[in-house]
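Descriptive analysis of the structure
What follows is the residue order along each chain.
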Amino acid sequence: MPNRYERNMRGYGANPPDARWPGGAKIAVNFVVNYEEGGENCLLHGDTYSEAFLSEIVGAANWVGQRHWNMESIYEYGARAGFWRLHRIFTRSDVPVTVYGVASAMARSPEQVMAMQEAGWEMASHGLKWIEFKDMPAEDERAQMMEAIRLHAEVTGERPRGWYTGRASMNSVPLAAEEGGFDYIADTYDDDLPYWKRFGERDQLIIPYTLDANDMRFASAQGFNTGEHFFQYLKDAFDGLYAEGVAGKAKMMTVGLHCRLAGRPGRAEAVKRFLAYVQSHDQVWIATRAQIAAHWAAEHPPAEPFRPTELPLDAFVAKFGSIYEHSPWIAERAWGLELGPAHDSLAGMHIALARAFRSASAEERMGVLRAHPDLAGKLAAAKRLTAESTAEQASAGLDALTDAERAAFEELNGAYTSKFGFPFIIAVRDNTKETILAAFRRRLSHDAETEFAEACRQVERIAYLRLSEFFS
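Summarised in this report is the structure supplied together with it. The model shown is predicted, which means the values in this text are computed figures rather than measured ones. Position numbers for residues start from 1 in each chain and track the written sequence from start to end. The model is predicted, so local features are restricted to residues of pLDDT at least 70 and side-chain atom pairs to those at 80 or more, both for listing and for counting; the totals for chains, interfaces and linings are taken over all residues. The side-chain numbers reported here are obtained from all heavy atoms of the structure, hydrogens and water having been left aside.

Here we take up helix α16 (residues 433–443). Under the scheme applied here, a residue whose accessible area is under 20% of the maximum for its type counts as buried, over 50% as exposed, and between as partly exposed, the area being computed with a 1.4 Å probe on protein chains only. A run of DSSP states H or I qualifies as a helix once it reaches four residues; a run of E qualifies as a strand once it reaches two. Both are numbered from the N-terminal end. Listed as buried for α16 are Lys433, Ile436, Leu437, Ala439, Phe440 and Arg443. The arc that holds every buried residue of α16, seen down its axis, measures 160°, which confines them to one face. Facing away from the buried side of α16, by more than 90 degrees, are the exposed residues Glu434 and Arg441. This arc is built from the directions going out from the helix axis to the C-beta atoms.

Quick look at the side chain of His372 now. With respect to the element layout, His372 can be found in the loop between α12 (362–371) and α13 (378–381). Residue His372 is classed as buried on the basis of its relative accessible area of 8%. Beyond its immediate sequence surroundings of up to four residues, His372 is in contact with Glu325, Pro423, Ile425, Val459 and Ile462. The criterion used for residue contact is that any of the two residues' heavy atoms lie within 4.5 Å.

This part is about the pairing of strand β8 (residues 251–258). In the case of a regular strand, side chains alternate between the two sheet surfaces. With respect to burial, β8 is a largely interior element, eight of its eight residues being buried. The side-chain alternation of β8 yields two buried faces, one formed by Lys251, Met253, Val255 and Leu257 and the other by Met252, Thr254, Gly256 and His258. Two strands pair if DSSP finds at least two bridges between them. Bridge analysis of strand β1 (residues 27–35) against β8 gives eight bridges, and the strand direction is parallel. The partner of Ala28 across the bridge, within β8, is Met252.

Where helix α15 (residues 403–420) contacts α16, the axes come no closer than 10 Å and their chain directions differ by 30°. In terms of axis orientation, α15 runs roughly parallel to α16. The crossing of α15 and α16 is left-handed. On α16, the residues touching Glu405, Phe409, Leu412, Asn413, Tyr416 and Phe420 of α15 are Lys433, Ile436, Leu437, Phe440, Arg441 and Arg443. Here the nonpolar group is Ala, Val, Leu, Ile, Met, Phe, Trp, Tyr, Cys and Pro; Asp, Glu, Lys and Arg are the charged ones; every other residue, Gly included, is treated as polar. Here the residues of the contact of α15 with α16 sort into seven nonpolar, one polar and four charged. Helix axes use the C-alpha atoms of the stretch in contact, all axes being lines fitted to C-alpha atoms, and the angles between their N-to-C directions lie in the range 0 to 180 degrees. What sets the label is the angle itself: under 35 degrees gives roughly parallel, over 145 gives roughly antiparallel, 65 to 115 gives roughly perpendicular, and the rest give oblique. The crossing is said to be left-handed when, going from far helix to near helix, the turn is anticlockwise and less than a right angle, and right-handed when the turn is clockwise.

Any two side chains of opposite charge can pair if their charged atoms end up close together. Salt bridges, as used here, are contacts in which a Lys or Arg side-chain nitrogen is within 4 Å of a carboxyl oxygen on Asp or Glu. Enumeration according to the criterion identifies 28 salt bridges in this entry. Note that Arg142 is salt-bridged to Glu139, the shortest N-O span being 2.2 Å. One end of the pair, Arg142, and the other, Glu139, are both in helix α4 (residues 138–156), three residues apart, so they sit about a helical turn from each other. Between Glu228 and Arg273 there is a salt bridge whose closest N-O contact spans 2.7 Å. Within this pair, whereas Glu228 is found in helix α6 (residues 227–246), its partner Arg273 is found in helix α7 (residues 265–279), the two being separated by 45 residues in sequence. Taking the relative accessible area as the measure of exposure, Glu228 reaches 38% and is therefore partly exposed. Since its relative accessible area comes to 39%, Arg273 is described here as partly exposed. Residues joined by salt bridges that share partners form a network here, namely Glu36, Glu37 and Arg260.

The phi angle at Asp94 is positive, at roughly 55°, despite the residue not being glycine. Tracing the sequence through the fold places Asp94 in the loop between α1 (69–92) and β2 (98–101). Positioned with a positive phi, Gln283 is a non-glycine residue whose angle comes to about 55°. As for its placement among the helices and strands, Gln283 is situated in the loop between α7 and β9 (284–286).

Take a look at the structure:
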């Protein structure tokens, strides 16, 4: 198998599915409270340096071999005060919340865990520790994941059904999918809707998270400076997505919060204002990620899509070798390109085949042109066209010409082939007999270079129309 590009740059494309949110909601809104305090890097937790991420100390550095009193106390604020402020805001409004709970942090905060459970909040896992995983060996990360699940169940009474690593490695999502017990994984930021991703023989639901509608930008160099900035951004995001829902393309919005950040009074007021703004709208579904996952699994179960880029060479050529008339070598060369999930579509496969055609020599492309039959010519009369050409010519009525029309085509075919050295080529399905004849006469006036380019464009158009039957 040649190199395959694993990233999916296509997603749902121009026509995402109708989310069909409950009650005809125009948007699903999910609030996430990240509970990390007590799970961050700290010598007390067996780490070799202090925490430096997501605090009021913008630009902080890890202190190797030392505790960081200021950093520790900032995190402690989130547990001691910030959590309770957010808890009051959401419970007073009776709004469901998803918790991304770091297992070791929750084990150190029993009162907060009980409050989450009494409020009916969803308890997803945020890993064993709130640390960086990018350099951790896969086996070590797997071991931490399994311990996070065990400890989460011990602290809360049941295993987590959602997973978000946060400071993820390239192994985090595959490891979580491999574990097999998660209704969803949230370690992506690549869409406004849930989607299914294939891991081996398993389809895993992905519910993308957010780093823009997220209070973490209070702790970044380019970010929110005031509660008003935060509120306005959340409002703009909501308004844009709500409008898309009204237009028939309902989406999902996630708001990411941290107890030590949004739990500060000036920021919590922005959360309160935004929550009131959301609740002032009709047809809004405020849901946990578990509820969203259950809905998506019921309404949009995984399907088995057509994945041509996963075909072996012989199967690929058997499928697409006739797209360019009598030129299976184009499919062979296309198969050898760097293809990926974005090419498992009409546009993707069309471009892959067109690239192989366009990069061929002039002589090779001329061979493709000469492989095409005359329109309403002798091969058609003898019923010796390919199945594709037969159907195409019939679509414009070229299989049922009057004597006068047949004579006109014979005359034009002869003049055209004599001048350019290849048959007249046009995407018949885009035309009628009348427009074909008009194009015939017009293009006879072209010089050789202009007409060669036009004929090549028509070959690509024919290929596109043929391919469309595989992706309808």
